[in-house]
Amino acid sequence: EGQPVESGGGLVQPGGSLRLSCAASGFTFSSHWMSWVRQAPGKGLEWVANMKQDGSVKDYADSVKGRFTISRDNAKNSLYLQMNSLRAEDTAVYYCARDHSGGVLDYWGQGTLVTVSS
Amino acid sequence: DIQMTQSPSTLSASVGDRVTITCRASQSISDHLAWYQQIPGKAPKLLIYKVSNLQSGVPSRFSGSGSGTEFTLTISSLQPEDFATYYCQQYKTYKMFGHGTKVDIK
């Protein structure tokens, strides 16, 4: 099966915005929940957000609630993460992952680095 | 929120050793527990889901056990490619990862 491919990372100033994209292939994207997970430099994994197949359910970690928005376009096999009001502590590699069996993340992209710094 | 605590945080071992990593949940998560392996610079890789189910392609030297709040990942005979960081993850309520256990060379 295919691997998701993330894009859109980069350097952004505190308070700025960035939109990440995840292109999925090799599986039926519209049949799966999808998640974003991040990893700050030298730190562990932190779940960020997930979204149901039809977009009717979106969940967020408390650390990003109200600032980040997850969305998807099933026609384009794509997942997105709109990140607003970015802070230094949002600096991380952001991974897109397929959600399987009610919360197991079985396919991961290689990640895209977001750096929040002035 | 359900918190996940892994121990130890670092483990030094040799090739051929039997290695056990423990993960404790702050409340019962039934069997909603997965394990991942991460090699530096790479994405995490799913090893085990639902406590003890081996993901396709994962060697049989990996096994998982436990229930409720206490779980273990065991590597029966450590191989050179197993030196990595391992994370547990609960998916009973949203998702939460443990802080990781780094397995390095003794």
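The structure contained in this document is the topic of the report that follows. Bear in mind that the values here come from a model prediction, so they are computed numbers and not experimental data.

The rules we used
- Residues numbered from 1 in each chain as written.
- Chains lettered and ligands numbered in written order.
- Predicted model: local features only at pLDDT ≥ 70, side-chain atom pairs only at ≥ 80, totals over all residues.
- Heavy atoms only, no water.
- Phe/Tyr/Trp six-rings, centres within 6.5 Å; stacked < 30°, edge-to-face > 60°.
- Helix = DSSP H or I, 4+ residues; strand = E, 2+ residues; numbered from the N terminus.
- 1 Å grid on protein atoms, 1.4 Å probe; cavity = no way out; pocket = protein on both sides within 12 Å on 5 of 7 lines; lining within 4 Å.
- Points joined across faces, edges and corners; volume = space filled by probe spheres on them.
- Nonpolar A, V, L, I, M, F, W, Y, C, P; charged D, E, K, R; others polar.
- Pairing = 2+ DSSP bridges.
- Axes fitted to C-alpha atoms, helices over the stretch in contact; angles between N-to-C directions.
- Contact = heavy atoms within 4.5 Å.
- Salt bridge = Lys/Arg side-chain N within 4 Å of Asp/Glu carboxyl O.
- Polar contact = N/O pair within 3.5 Å; in protein donor to acceptor, adjacent residues only side chain to side chain.

## Notes on the packing of aromatic side chains
Two descriptors summarise a pair of aromatic rings, namely the distance from one centre to the other and the angle between the planes of the rings.
Reasoning step 1: The tally for this structure, following the rule as stated, stands at six aromatic pairs over all chains.
Reasoning step 2: Summarising the aromatic geometry, the rings of Trp47(A) and Tyr94(B) are spaced 5.7 Å apart at their centres and angled 15° between planes, so their arrangement reads as stacked. Taken together, the positions of Trp47(A) in strand E5 (residues 45-51) and Tyr94(B) in the loop between strand E9 (85-90) and strand E10 (96-97) put the pair across two chains.
Reasoning step 3: Taking 6.3 Å as the distance between ring centres and 40° as the angle between the ring planes, the aromatic pair formed by Phe62(B) and Tyr86(B) counts as tilted. Of the two residues, Phe62(B) sits in strand E7 (residues 62-67) while Tyr86(B) sits in strand E9, which places them 24 residues apart along the sequence.
Reasoning step 4: Of the aromatic side chains, those joined through ring pairs into one cluster are Tyr95(A), Trp108(A), Tyr36(B) and Phe97(B).

## A closer look at the layout of surface pockets
Reasoning step 1: Counted as a void, the largest pocket has a volume near 590 Å³.
Reasoning step 2: Of all the secondary-structure elements, those providing two or more residues to the lining of the largest pocket are strand E4 (33-39) and E5 of chain A together with strand E1 (4-7) and E10 of chain B.
Reasoning step 3: Its residues assigned to classes, the lining of the largest pocket comprises 11 nonpolar, 11 polar and eight charged.
Reasoning step 4: Of the volumes computed, that of the second largest pocket is approximately 330 Å³.
Reasoning step 5: Taken together, 21 residues make up the lining of the second largest pocket; nearest its centre are Gln39(A), Gln38(B), Pro40(B), Thr85(B) and Tyr87(B).
Reasoning step 6: For the lining of the second largest pocket, the secondary-structure elements that each account for two or more residues are E9 and strand E11 (101-105) of chain B.
Reasoning step 7: Element by element, the count of residues in the lining of the second largest pocket is highest for E11(B), at four residues.
Reasoning step 8: Of the residues contributing to the lining of the second largest pocket, the split by class is seven nonpolar, 10 polar and four charged.

## A look at the sheet that holds strand E1 (residues 5-7) of chain A
Residue and element names in this part refer to chain A.
Reasoning step 1: Across the sheet, four strands lie side by side as E1-E3-E8-E7; this open sheet has antiparallel pairing. Two strands bound the open sheet, and with one partner strand each, they are E1 and strand E7 (68-73). With strand direction ignored, the average angle separating the axes of adjacent strands in the sheet is 20°.
Reasoning step 2: Two elements, E1 and strand E3 (residues 18-23), share three bridges in a ladder whose sense is antiparallel. Of the residues in E3, the one forming a bridge with Ser7 is Ser21.

## A few points about the interface of chain B and chain A
Reasoning step 1: Contact with chain B, which involves 15 residues of that partner, is made by 22 residues of chain A.
Reasoning step 2: The tally of links from chain B across to chain A stands at one salt bridge.
Reasoning step 3: Joining chain B to chain A, the criterion identifies eight residue pairs in polar contact (both at pLDDT 80 or more).
Reasoning step 4: Looking at the side of chain B that touches chain A, the elements that each hand over two or more residues are strand E4 (33-38), strand E5 (45-49) and E9 of chain B.
Reasoning step 5: Here the residues of the side of chain B that touches chain A are counted per class, giving nine nonpolar, three polar and three charged.

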